[in-house]
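# Breakdown of the fold
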Amino acid sequence: MKSALLVLGLSAMALSGCAVVSDAPLFGADQASPRPLADGLWALSGPGCEVRANLAGDLPDCAIPVSIEHGVMHWDTAAALVRTLGGGARALSALPMPKTSAFRLIDGDPDIIEVLNGETNQMPPPPPGTPPRPPLKPSYLALKVVHAEAGGRIDRAVMWPVLCPPEGDHPGFDVSGPACRVQTVQALRERAGHLPPGLSYDMTWIRAAPVAAKSG
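Under the criterion given, the structure shown has 2 disulfides. Two residues share a disulfide in this structure: cysteine 49 and cysteine 62, whose sulfurs sit 2.1 Å from each other. On the sign convention where negative means left-handed, the S-S torsion of about 85° between cysteine 49 and cysteine 62 marks this disulfide as right-handed. Note that cysteine 49 is positioned in the loop between strand S2 (40-45) and strand S3 (58-59) and cysteine 62 in the loop between S3 and strand S4 (64-69), a separation of 13 residues in sequence. Across the disulfide from cysteine 164 sits cysteine 180; the S-S distance is 2.4 Å. The sign of the S-S torsion, about -110°, decides the handedness of the disulfide formed by cysteine 164 and cysteine 180: left-handed. Of this pair, cysteine 164 sits in the loop between strand S9 (154-161) and strand S10 (173-176) while cysteine 180 sits in strand S11 (residues 179-182), and the two are 16 residues apart along the sequence.

Structure, rendered in structure tokens:
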């Protein structure tokens, strides 16, 4: 069940539902952390899902594959839904979901992952005769580093989505509907410190070269 929540949380992050977005990126390239997330295949997992680095790229069914390459994150939420939830998820998997986006990692407590979206986020083409889909706005994840290699590359972390604040007056936010726009870095950092129950995921680096995940 935890892995199902993990995939649904990833879906919400990918589509910016209930998640913090901004009209334009809040951080510049010059603010990127000198400690990068290691390139290669990663696994997102929850409690009770044992994941270990291995050259074969084997992942248990309870883990979700994500690959990182030169500042771009690749995932397949639709495939992960079917893999984790079975045939009952096929209706959900038919929804248009992005599969890749450039990102920036920003130092802090916790660190911030700014998912740039926009033109870097590849969405499936719309059905023939329908207008193009608008580009997704930048969205945000929080990251707590668990381990980094001697050279500084991060290979284990805990990640969670930065969610909208509760209804009411929140300085630095424009709250309207399920999504909300953050307007200041200070407001974003304050919100990132709120770890949503059931929506934090272990991130484990598996191997250097992105490969197709295998069931183990």
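Now for the side chain of aspartate 155. Position of aspartate 155 among the secondary structure elements: in strand S9. One buried charged side chain, aspartate 155, makes no salt bridge at all; its nearest oppositely charged neighbour is arginine 156, positioned 4.8 Å away. Looking at aspartate 155, its side chain comes within polar contact range of the side chain of histidine 147, at 2.8 Å. Residue contacts for aspartate 155: discarding those within four places in its chain leaves Trp42, His147, Ala148, Glu149, Met203, Thr204 and Trp205.

We now examine the nonpolar core. Judged by nonpolar contacts, the single largest core of 21 residues is most densely connected at Leu37, Trp42, Ile113, Leu143 and Met159. Counting only elements with at least two residues in this core, the list comes to S2, S4, strand S6 (100-106), strand S7 (111-115), strand S8 (139-148), S9 and strand S12 (201-207). Setting aside residues up to four positions removed in sequence, leucine 37 forms contacts with Trp42, Ile68, Phe103, Leu105, Ile113, Leu143 and Ile154. Formed by 15 residues, the second largest nonpolar core is a distinct cluster that contains Val20, Ile106, Ile112 and Val182.

About the thresholds
- Residues numbered from 1 in each chain as written.
- Predicted model: local features only at pLDDT ≥ 70, side-chain atom pairs only at ≥ 80, totals over all residues.
- Heavy atoms only, no water.
- Disulfide = S-S within 2.5 Å.
- Helix = DSSP H or I, 4+ residues; strand = E, 2+ residues; numbered from the N terminus.
- Buried < 20%, exposed > 50% of the residue type's maximum accessible area, 1.4 Å probe, protein only.
- Lys, Arg positive; Asp, Glu negative; His and termini not counted.
- Salt bridge = Lys/Arg side-chain N within 4 Å of Asp/Glu carboxyl O.
- Polar contact = N/O pair within 3.5 Å; in protein donor to acceptor, adjacent residues only side chain to side chain.
- Contact = heavy atoms within 4.5 Å.
- Core = buried A, V, L, I, M, F, W, Y, C linked by side-chain atoms within 4.5 Å.

Without other data, these values stay purely geometric and don't point to any function.
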